[in-house]
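What follows is each chain in one-letter form.
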Amino acid sequence: HRIDDKFRRDIACRSLFMEIMRQPQGITHALRRMNAYGVLGAYIPAFGRIVGQMQHDLFHVYTVDQHILMVVRNLRRFTLAEFAHENPLCSKLIQEFARPEVLFIAGLFHDIAKGRGGDHSELGKKDVRAFCRRHALAPEDARLAEFLVEHHLAMSSVAQKQDVHDPAVVQAFAQKVGSERNLVALYLLTVADIRGTSPKVWNAWKSKLLEDLFRATRRVLTGETLQ
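Cut-offs used in this document
- Residues numbered from 1 in each chain as written.
- Predicted model: local features only at pLDDT ≥ 70, side-chain atom pairs only at ≥ 80, totals over all residues.
- Heavy atoms only, no water.
- Salt bridge = Lys/Arg side-chain N within 4 Å of Asp/Glu carboxyl O.
- Helix = DSSP H or I, 4+ residues; strand = E, 2+ residues; numbered from the N terminus.
- Expected span 1.5 Å × (residues − 1).
- Buried < 20%, exposed > 50% of the residue type's maximum accessible area, 1.4 Å probe, protein only.
- Contact = heavy atoms within 4.5 Å.
- Phe/Tyr/Trp six-rings, centres within 6.5 Å; stacked < 30°, edge-to-face > 60°.
- Polar contact = N/O pair within 3.5 Å; in protein donor to acceptor, adjacent residues only side chain to side chain.
- Axes fitted to C-alpha atoms, helices over the stretch in contact; angles between N-to-C directions.
- Parallel < 35°, antiparallel > 145°, perpendicular 65-115°, else oblique.
- Left-handed = near helix turned anticlockwise from the far one by under 90°.
- Nonpolar A, V, L, I, M, F, W, Y, C, P; charged D, E, K, R; others polar.

Caption draft 1: Looking closely at the pattern of salt bridges. Taken as a whole and assessed by the stated rule, the structure comprises 13 salt bridges. Note that Asp127 and Arg116 form a salt bridge whose closest N and O atoms lie 2.3 Å from each other. One end of the pair, Asp127, is in helix α9 (residues 120-134); the other, Arg116, is in the loop between α8 (101-109) and α9, and eleven residues separate them in sequence. Here Arg215 ties to Glu211 by a salt bridge, and the two come within 3.0 Å at their closest N and O atoms.

Caption draft 2: Inspection of helix α6 (residues 64-78) at higher detail. Taking 1.5 Å of rise per residue, the 15 residues of α6 would be expected to cover 21 Å, and the 22 Å separating its terminal C-alpha atoms lies within 8% of that figure. Most of α6 sits inside the fold, with 13 of its 15 residues counted as buried.

Caption draft 3: Spatial organisation of the environment of Tyr187. Following the sequence through the fold, Tyr187 ends up in helix α13 (residues 180-195). By relative accessible area, which is 1% here, Tyr187 ends up buried. When the C-alpha atoms of Tyr187 and Phe214 are compared, they prove to be 6.8 Å apart, with 27 residues separating the residues in sequence. Among residues more than four places away in sequence, those in contact with Tyr187 are Asn87, Leu89, Cys90, Leu93, Met155, Leu210, Glu211 and Phe214.

Caption draft 4: Molecular detail of the packing of aromatic side chains. Applying the stated rule across the entire model yields five aromatic pairs. Between the aromatic rings of Phe7 and Tyr43, the centroid separation amounts to 6.3 Å while the plane-to-plane angle is 85°, which identifies the pairing as edge-to-face. You can see Phe7 sitting in helix α1 (residues 5-9) and its partner Tyr43 sitting in helix α4 (residues 39-43), a full 36 residues away along the chain. On the basis of relative accessibility, which here comes to 32%, the residue Phe7 falls in the partly exposed class. With 5.1 Å between their ring centres and 55° between their planes, Phe109 and Phe131 make a pair best called tilted. Within this pair, whereas Phe109 is found in helix α8, its partner Phe131 is found in helix α9, the two being separated by 22 residues in sequence. Using a relative accessible area of 1% as the deciding quantity, one classes Phe109 as buried.

Caption draft 5: Examining unusual backbone geometry more closely. Of note, the phi angle at Arg99 is positive, near 55°, even though the residue is not glycine. The residue Arg99 is located in the loop between α7 (88-95) and α8 in this model. In the Ramachandran plot, Ala136 falls in the positive-phi region, its phi being about 55° despite a non-glycine side chain. One can find Ala136 in the loop between α9 and α10 (139-150).

Caption draft 6: Summary view of the side chain of Asp141. Position of Asp141 relative to the elements: it lies in helix α10. Separated by 2.6 Å, the side chains of Asp141 and Arg99 make a polar contact. What Asp141 contacts, discounting residues up to four positions off in sequence, is Arg99, Val102 and Arg181.

Caption draft 7: A look at the packing of α13 against helix α14 (residues 204-221). Two elements in contact, α13 and α14, have axes whose closest approach is 10 Å; the angle formed by their N-to-C orientations is 175°. If you check the angle between α13 and α14, you find them roughly antiparallel. Facing Glu180, Leu183, Val184, Tyr187, Thr190, Val191 and Ile194 of α13, the residues of α14 in contact are Lys206, Leu210, Glu211, Phe214, Thr217, Arg218 and Leu221.

Caption draft 8: Examining α7 more closely. Those residues of α7 not exposed but buried are Leu89, Cys90, Ser91, Leu93 and Ile94. Looking at the buried side of α7, the elements it contacts are α6, α8, α13 and α14.

Caption draft 9: The arrangement of the side chain of Asn182 in detail. Along the polypeptide, Asn182 turns up in helix α13. The residues touching Asn182, leaving out its near neighbours within four places in the chain, are Leu144, Phe147, Leu148 and Val177.

Caption draft 10: Main features of the packing of α6 against α8. Orientation of α6 relative to α8, taken along the N-to-C sense of each, is 160°, at an axis distance of 8 Å. Looking at the two axes, α6 sits roughly antiparallel to α8. As α6 packs across α8, the resulting crossing turns out to be right-handed. Residues Ile68, Leu69, Val71, Val72, Leu75 and Arg76 of α6 form the contact with α8, whose own contacting residues are Leu103, Phe104, Gly107 and Leu108. For the contact of α6 with α8, the class distribution of residues is eight nonpolar, one polar and one charged.

Rendered as structure tokens:
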């Protein structure tokens, strides 16, 4: 009850939250505790609105808040050597990714606007933009977080509904992604997101489709010729 607008505007509180997001370990544990005690929803009111919210589809087995925290947990697992066998490419990519806290913030906001009506990706993009501005993220990191929240479903959709070996499909996707950093971030978030819907949703087929699309798109973005 002490977390009000004055608390949220306090530069010390904002700095501390970002310090938590930049920790080398313990982020998932901290976020889950904050959620359990109501702190996370009080500090980020948009998150408070999706706590305990059910998802009525064939894929999600978690409430929205628990799914979001599972996605952040999956992103964090990519950074840990003991889980590198689960997805070696993701583990390699995140080790080379500068300022991975941007990924965790995008994970925290990617579904935050569900249930409000309208496009949750567009609404969530506005939420994460405000968060990044309040927490003084660098402009390029804020743009990346916005991109990820707005397009977090794009890679999964292309991989599962289009021919990832069609050069025209890959070229169009590369144009939408725009840069190699955007692509790496979107791939990491997409894998973490799918694996965070249900223990049964992720499989070798989806893994292969996403990795093929990632590698083909990266070749385009880095100037290599598609075969």
